[in-house]
Each structure stands twice: as structure tokens, then as C-alpha cells.
Amino acid sequence: MRKAWSILPEEWKPILTERGLRAFRADQILHSLYRDWITDWDKATTLPKDFRESLKAEFPITKTEILEVSESADGTKKLLLGLEDGEAVETVLIPATGRFTQCISTQVGCAMGCAFCASGSRGVVRSLTADEIVAEYMAGRSFGEITNIVVMGMGEPFMNYDETIRALKLINAGKGPNLGARHITLSTCGVVPGFAKLAAEGIQFELSVSLHAPNDALRSELMPVNRRWPMDELLEACAAYTKTTKRIITFEYTVIRGVNDSRACAEELAHQVRRVPMAKVNLIPLSPVSHRPDFKTPDEATMMMFLDVLMKNHVQTMLRRSRGKDADAACGQLRLRRMENVKCKM
Ligand code: SAH
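Residues numbered from 1 in each chain as written. Predicted model: local features only at pLDDT ≥ 70, side-chain atom pairs only at ≥ 80, totals over all residues. Heavy atoms only, no water.

### Considering the layout of surface pockets
What the second largest pocket holds in volume is close to 200 Å³. Around the second largest pocket sit 14 residues that line it, and Trp5, Thr39, Thr64, Met138 and Ala139 are the ones nearest its centre. The set of elements that each furnish at least two residues to the lining of the second largest pocket consists of strand S1 (65-71) and helix H4 (130-141). The biggest single contributor to the lining of the second largest pocket is H4, with 4 residues. Taken together, the residues that form the lining of the second largest pocket break down as 7 nonpolar, 4 polar and 3 charged. Each of domain 1 (4-58) and domain 2 (65-345) gives at least three residues to the lining of the second largest pocket. (1 Å grid on protein atoms, 1.4 Å probe; cavity = no way out; pocket = protein on both sides within 12 Å on 5 of 7 lines; lining within 4 Å. Points joined across faces, edges and corners; volume = space filled by probe spheres on them. Helix = DSSP H or I, 4+ residues; strand = E, 2+ residues; numbered from the N terminus. Nonpolar A, V, L, I, M, F, W, Y, C, P; charged D, E, K, R; others polar. Domains from an automatic or database assignment.)

### Remarks on the pairing of strand S12 (residues 316-319)
In this structure, strand S11 (residues 279-285) lies alongside S12, joined through 4 bridges in parallel fashion. In the strand pairing of S12, Lys280 is matched with Gln316. The parallel pair S11 and S12 is bridged by helix H11 (residues 300-312), and the resulting crossover is right-handed. (Pairing = 2+ DSSP bridges. Right-handed = clockwise from strand over helix to strand, strands pointing away.)

### Some thoughts on H4
Between the first and last C-alpha of H4 there are 17 Å, a value that for 12 residues agrees with the 16 Å anticipated at 1.5 Å per step. Among the 12 residues of H4, 11 are classified as buried, and the element is accordingly described as predominantly covered. By the burial criterion, the buried members of H4 are Ala130, Asp131, Glu132, Ile133, Val134, Ala135, Glu136, Tyr137, Met138, Ala139 and Gly140. (Expected span 1.5 Å × (residues − 1). Buried < 20%, exposed > 50% of the residue type's maximum accessible area, 1.4 Å probe, protein only.)

### Observations concerning the domain arrangement of the protein chain
Taken domain by domain, the protein chain comprises domain 1 (4-58) and domain 2 (65-345). Here domain 1 and domain 2 have C-alpha centroids that lie 34 Å from each other. Each partner contributes residues to the interface: domain 1 has 11 residues there, and domain 2 has 15 residues. Buried surface at the junction of domain 1 and domain 2, summed over both partners, amounts to about 1,200 Å²; 66% is from carbon and sulfur atoms. Together, Trp5, Leu8 and Trp37 form the three largest contributors to the area buried by domain 1 at its contact with domain 2, with a combined 49%. For Glu11, the salt bridge identified is with Arg166, shortest N-O distance 2.9 Å. Inspection of the region where domain 1 meets domain 2 yields 5 residue pairs in polar contact (both at pLDDT 80 or more). Residues that form the side of domain 1 that touches domain 2 fall into these classes: 7 nonpolar, 1 polar and 3 charged. (Contact = heavy atoms within 4.5 Å. Buried area = accessible area lost by both parts, 1.4 Å probe. Salt bridge = Lys/Arg side-chain N within 4 Å of Asp/Glu carboxyl O. Polar contact = N/O pair within 3.5 Å; in protein donor to acceptor, adjacent residues only side chain to side chain.)

### Looking at the packing of aromatic side chains
Scanning the model with the defined rule gives 5 aromatic pairs in all. Judged by centre distance (6.3 Å) and plane angle (75°), the ring pair of Tyr34 and Trp37 falls under edge-to-face. Among the residues examined, Tyr34 registers a relative accessible area of 0% and is labelled buried. A residue is classified by how much of its surface remains accessible, and Trp37, at 23% relative accessible area, is partly exposed. Their ring planes at 80° and their centres at 5.8 Å tell us that Phe158 and Phe195 sit as a pair that is edge-to-face. With Phe158 in the loop between strand S7 (148-151) and helix H5 (161-172) and Phe195 in helix H6 (residues 193-201), this pair connects stretches of sequence that are 37 residues apart. Just as Phe158 is buried, Phe195 falls in that class too. Directly above the aromatic system of Phe51 lies the positively charged group of Arg25, at a separation of 5.4 Å from the ring centroid. Sitting over the face of the ring of Trp37, Arg141 holds its NZ or CZ atom 3.6 Å from the ring centroid. (Phe/Tyr/Trp six-rings, centres within 6.5 Å; stacked < 30°, edge-to-face > 60°. Lys NZ or Arg CZ within 6 Å of the ring centre and 35° of its normal.)

Structure, rendered in C-alpha cells:
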């Protein structure tokens, strides 16, 4: 049994014929799924009833339930999505002028254990399947047409490479939702084997790399993944990626007060980033997380100083505002709060 939302458009014909079903139905199926946006085979009324029944039995449509919507003053909506086995993931909808960006999760929890991240504070429960990732998108688009996707929710996409890429290929497919590859950004904490695999796909997805520290000592402290793949290896993989794909890489740098926000850090970061051709930096002030009250948001002047040092060192840098703070919208916070509430009640 395969879930309907895990099947790429071009796979439908061979799958149908293999099962003795008629191949010409493939286009009707695709029309129902990605033009009529049905979430239940019973709604595919262009298809004969007995055929709908076999689709239901052989290719079920993933059921999810929106358990909670928290909306912040800036219009950001965070959805907690219940999955068929009772687990839940978060997806965030971020409106901006001319854009409606969705942030999606790839795992329930996360194994990477970055010190400042709420998603990783309880470890990983399981990876999402491709159809569950597509289901997040489907839940998102019920609030409006999605123009951009960022894979910056819970989980590490390169630790769930195959299912994540399958979902993104489906969302990108012309006969599927048809969202442009350049409107889809993957973010990794630096799982090095993923870079060459992604480059070999030959799809123009955007790639972000969470760096957050300018040297191994500090990075290994903040991000355990650095002990497995230290910065030299990571930056080499990044350079190889930009060389093969001719695509830029964006380094994410979350600024934490008194931890990685000194002038010396900024200078060292500039030096490291320049090792990768076609690299940019996004500076993001830390969103406070409940499990690390000692990690604080930097003040505006520090952010400006950091930006200034990078720019003077010829590194293309953007200052990012975190969105949806009052909706617990930073990484993993909504699920965590729910788990904490549940715990309190018990
Ligand atoms: N595992 C992937 C994608 C998920 S995290 C990755 O690490 O890139 C998406 C981004 O949010 C990462 O850059 C992550 O480091 C950042 N992030 C996590 N917790 C944060 C916090 N409390 N404040 C600001 N950014 C945070």
C-alpha cells in the first residue's frame, strides 16, 4: 500500500498498469489531487465509484488534523498538525508582501541536539514520510496559496533525505502543486553527505546551512553535529556544492548574547565564509527557548556591529527578524509547550 501523496506524478501510470488498473486514469487522478485539491477520494467525483473505492484501499490519502492554530500579532500562523499515529508536527505560515511562506518540518522532534533549539531538546521520535510532509503543505495551502517553502521546521532534512526530497519533488512537479524549485529552501545543520547527494539531484532548490559559530570549539559546544563533521569538512562540502551547482549557499547565524556575538566572532566568521564562493550570511537574533534561560537575545547595537563587520569584510549579509514570537513560532516551541502542558496536568 502506498500513500497517494507519496507518489510522484510520473509514477502513477506505471503503478496503475502494474495493478491491472487503467493508465489513462492517471491524469484524472492528478487533476483531482492537485487541481481540485481533494483530501478525500470520495470527493473525486469525476472518477467512477468502484475506482474510487480501489484508490481508497490501495492509495489512501494521508489524514491529518489541525490540533491548534496560534496566530501572532504580525500575522504569522503556527499550526500543530496531528498525524495518523497520534504524533504531532509544527508548520508555520508567514505572510509578507507578495509572499506566503510556509515553514515545514521533516521529523517529529530532532536528533541533532543543538543547544539553542527547542526541537532537539527532547530528541527525535521518528522521521516523517513523504506523504506526511506533503500533508503539511496541503494543510498550509488551505489558508492561502503558498508561494515559498522553507524546510526550517522541526527535524534535520538531511537525516531524512529520501522522504524529504521525494516530498519536495512532488510539491515542485508541474503536474503536481507546481511550486518552483527556486521557491523551496532546504536548511541543514551540516550533515555533510547530504550536500553531494543534493547537488547530484540537479534540481534548483535553495540551500541554507546553519553555522551559528565561527570555529570548531564554539560550534561543537552549540551544535553536536560539528563533532562528527567539523567546519573544515563542512565548508569544503559547501564549496564543492556551489562549484557543481553554481548556486549560492546561505549561512544562517543565530546571534546569542555573550556566546557568539563578539567582534572577534564576526571577523572570524567573515574569514570562514569567504572560503566558500557564492556564499551569503543571514543574521538572526536568538528566539529565547524555555530549556535554556541562560541564552539571551542580543541587543540591536550588537546586531548592527556584527552586520557592519561582515559587510566591511565583503560578506553579503542580511539581517533577519524573527517572526511570530508571540505564537511560539521558533522551531519546535509549540509542540514543546504542548508536551509541557500535558506533563503539568498529569
Ligand atoms: N535542522 C535544520 C532545519 C531546522 S532549524 C537546520 O538546522 O538548519 C531552522 C533554523 O532555525 C536553523 O538555522 C536553526 O539553527 C534555527 N534555530 C533553532 N532554534 C533557534 C532559536 N531558538 N532562535 C533562532 N534560531 C533558531
